[in-house]
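Each chain is listed here by its residues.
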Amino acid sequence: MARILLTGGAGYIGSHTFVALRDAGHQVMILDNFSNSDPDVVGRLGRLVGEDVTVIEGSVLDADLLAQVFSAEAYDGVVHFAARKAVGESVANPLDYAQTNIGGLTALMQAMKAAGVWRLVFSSTATVYGEPKVFPLTEDMPLSHTSPYAFTKVTCEHILAQAAQADPWQIGVLRYFNPVGAHPSALIGEDPRGIPDNLMPYIAKVAMGELARLTVHGNDYDTPDGTCWRDYIHVMDLARAHVLSMEALLDGRAHVVNIGTGTPVSVLEMHSAYQDVVGRDLPHVIGPRRPGDVPRLYADPARAREVLGFEADFGLSDMCQSSWDWVQAQSAGWRFNR
Ligand code: WQD
């Protein structure tokens, strides 16, 4: 049993990882400023783990708060989720992204160093591979950035590597491919604000009748059906990968790994799989390409299997079913039955 702090632990990936770490027998605390998460989730996490969940409300940019956090508890490790992650938003707000994502990491690491807490799992992303030409993607491939968001993640990975040369850091870097789906209880899931940028939550809102139709961003790419390939991974698999990552650090095994299934899925295949789960047609039209999209992104998952013993369990229909269950439960108002 270890004592773990989750920064951004009230968010989409963080909340699922909270449950997975608790289910694995660890003690888990959450630090979150609710800038991109709903405080309601805390009560639902409590229902899932069977006891009240306390959240330290605040920002990783607050050095005084971090000093208090690490003096109040002796943590064995930290999983750092707290960051901004919307590519389009980062283009319009590069300074905010640099401050939150890079400044937040360095503030956290300074506080951890001062407290002698050296185990850190870091949320990275497949976007650090830029516009790759060789597939599937392996961790030794060069990093580059195609957006300010990706720049912050590439920069953070360099900072982590440099810090580990200077001090006894034990670091796990998880390069997420495309997280989708929800907890089987339908009590927690992806809850984007406004109109979703990402594919599955957009389709989910079409299925709920909240959006009229899916616009497929381009069908003239170099893929079998002309629509982009992505490596979608169920958030429950991703949460479990975080447990395995932290436990590897507790065992002294640092790592940088892709977290994906290794199986590419096109936009039209995702749309079709979601239709199968909902049981009716979901309107869609073919529109123009979305600037910045790359035709293919999918992982070679071998290193995560070798280093962490991780392999994805859930397939595409599980991902779609859990998303569909979640959005229906959310709309049915579980949120008012705390
Ligand atoms: C997937 C595919 C779209 C919406 C982004 C970030 C990445 C990561 C995950 C943080 C693309 C197509 C989408 C729609 C569509 N975030 N699409 N119609 O762009 O692979 O990755 O989210 O780590 O950093 O870049 O995911 O879900 O936005 O798009 O046709 O209404 O679905 O063009 O081909 P993406 P996505």
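Residues numbered from 1 in each chain as written. Predicted model: local features only at pLDDT ≥ 70, side-chain atom pairs only at ≥ 80, totals over all residues. Heavy atoms only, no water.

For the protein, the name recorded in an unreviewed UniProt entry is UDP-glucose 4-epimerase, with Jannaschia pagri as its organism. The annotation that UniProt attaches to the protein under Cofactor (unreviewed entry) is "NAD(+)". (UniProt positions renumbered as here; feature names shortened; annotations may be inferred.)

What follows is about the overall build of the protein. Counting its secondary structure elements, the protein contains 11 helices and 13 strands. Over its C-alpha atoms the protein spans a radius of gyration of 19 Å, differing by no more than 12% from the 20 Å that the globule rule assigns to 338 residues. Projected onto its principal axes, the C-alpha positions of the protein cover 55 × 50 × 40 Å. When burial is assessed residue by residue, the protein has 53% of its 338 residues classed as buried. Of the contacts made within the protein by residues no fewer than 6 positions apart, 79% connect residues no fewer than 24 positions apart. (Helix = DSSP H or I, 4+ residues; strand = E, 2+ residues; numbered from the N terminus. Rg over C-alpha atoms; globule rule 2.2 N^0.38 Å. Buried < 20%, exposed > 50% of the residue type's maximum accessible area, 1.4 Å probe, protein only. Contact = heavy atoms within 4.5 Å.)

What follows covers helix α1 (residues 12-23). Taking 1.5 Å per residue as the helical rise, α1 with its 12 residues ought to reach 16 Å, and the 17 Å between its terminal C-alpha atoms agrees with that figure. Among all positions in α1, only Tyr 12, Ile 13, Gly 14, Ser 15, His 16, Thr 17, Phe 18, Val 19, Ala 20 and Leu 21 are buried. Tucked into the core, α1 has its buried residues touching β1 (3-7), β2 (27-32), α2 (40-49), β6 (170-176), β7 (178-180) and α8 (235-250). Gly 25 lies just past α1 and shows a positive phi near 95 degrees. (Expected span 1.5 Å × (residues − 1).)

Close to the ligand lie 20 residues; Thr 127, Tyr 149, Leu 199, Arg 230 and Asp 293 are nearest. At a separation of 2.7 Å, an oxygen atom of the ligand approaches a polar side-chain atom of Thr 127. Backbone polar atom of His 217 to an oxygen atom of the ligand: 2.8 Å apart, as the coordinates give it. The fraction of the free accessible surface of the ligand (680 Å²) that becomes covered by protein chains is 90%. Of all the elements in the fold, those that place two or more residues in the shell around the ligand are α7 (199-207) and β8 (214-217). (Near = heavy atom within 4 Å. Polar contact = N/O pair within 3.5 Å; in protein donor to acceptor, adjacent residues only side chain to side chain. Areas by Shrake-Rupley, 256 points an atom, 1.4 Å probe, with all protein chains shown as cover.)

Omega for the bond connecting Phe 135 with Pro 136 falls within 30 degrees of zero, at -10 degrees, which places this linkage in the cis form. Turning to its location among the elements, Pro 136 is positioned in the loop between β5 (119-125) and α6 (148-166). Within the chain, Phe 34 stands out as a residue other than glycine whose phi angle is a positive 55 degrees. Tracing the chain through its elements places Phe 34 in the loop between β2 and α2.

Here the focus is helix α11 (residues 316-331). Its 16 residues place the ends of α11 23 Å apart at the C-alpha level, agreeing with the 22 Å of an ideal helix rising 1.5 Å per residue. Every buried residue of α11 is listed here: Met 319, Cys 320, Ser 322, Ser 323, Trp 324, Trp 326, Val 327, Ala 329 and Gln 330. Count one or two residues on from α11 and you reach Gly 333, which has phi positive near 90 degrees.

It is worth spelling out the pattern of salt bridges at this point. For the structure shown, the criterion picks out 16 salt bridges. Between Asp 220 and Arg 289 there is a salt bridge, and its shortest N-O distance comes to 2.9 Å. Of this pair, Asp 220 sits in the loop between β8 and β9 (229-230) while Arg 289 sits in the loop between β13 (284-287) and α10 (302-308); the two residues are 69 residues apart in sequence, bridging distant segments of the chain. Across the pair Asp 251 and Arg 253 runs a salt bridge whose closest N-O atoms are separated by 2.9 Å. On the basis of relative accessibility, which here comes to 52%, the residue Asp 251 falls in the exposed class. One continuous salt-bridge network, built from bridges that share partners, spans Arg 84, Glu 89 and Asp 96. (Salt bridge = Lys/Arg side-chain N within 4 Å of Asp/Glu carboxyl O.)

This brings us to the layout of surface pockets. Size it by volume and the second largest pocket reaches roughly 190 Å³. Lining the second largest pocket are 15 residues, with Glu 190, Ala 204, Trp 326, Val 327 and Gln 330 sitting closest to its centre. Put simply, the parts of the chain that give the lining of the second largest pocket at least two residues each are α7 and α11. The biggest single contributor to the lining of the second largest pocket is α11, with five residues. Looking at the lining of the second largest pocket residue by residue, the classes come out as seven nonpolar, four polar and four charged. (1 Å grid on protein atoms, 1.4 Å probe; cavity = no way out; pocket = protein on both sides within 12 Å on 5 of 7 lines; lining within 4 Å. Points joined across faces, edges and corners; volume = space filled by probe spheres on them. Nonpolar A, V, L, I, M, F, W, Y, C, P; charged D, E, K, R; others polar.)

Axis separation between α7 and α11 bottoms out at 10 Å; the angle between their running directions is 55 degrees. Considering the angle they form, α7 stands oblique to α11. Two packed elements cross with a definite hand, and for α7 against α11 that hand is right-handed. Side by side, α7 and α11 meet where Met 200, Ala 204 and Ala 207 of the first sit next to Met 319, Cys 320, Ser 323, Trp 324 and Val 327 of the second. Looking at the contact of α7 with α11, its residues break down into seven nonpolar, one polar and no charged. (Axes fitted to C-alpha atoms, helices over the stretch in contact; angles between N-to-C directions. Parallel < 35°, antiparallel > 145°, perpendicular 65-115°, else oblique. Left-handed = near helix turned anticlockwise from the far one by under 90°.)

In the numbering used here, UniProt assigns the "domain: NAD-dependent epimerase/dehydratase" (unreviewed entry) feature to residues 4-260. Between the C-alpha atoms that bound residues 4-260 there is a distance of 24 Å. The span itself is 40% helix and 19% strand.

A separate point is the state of the cysteines. Within the structure shown, the criterion is met by zero disulfides. Of the cysteine sulfurs around Cys 320, a residue in no disulfide, the closest is that of Cys 228, at 17 Å. (Disulfide = S-S within 2.5 Å.)

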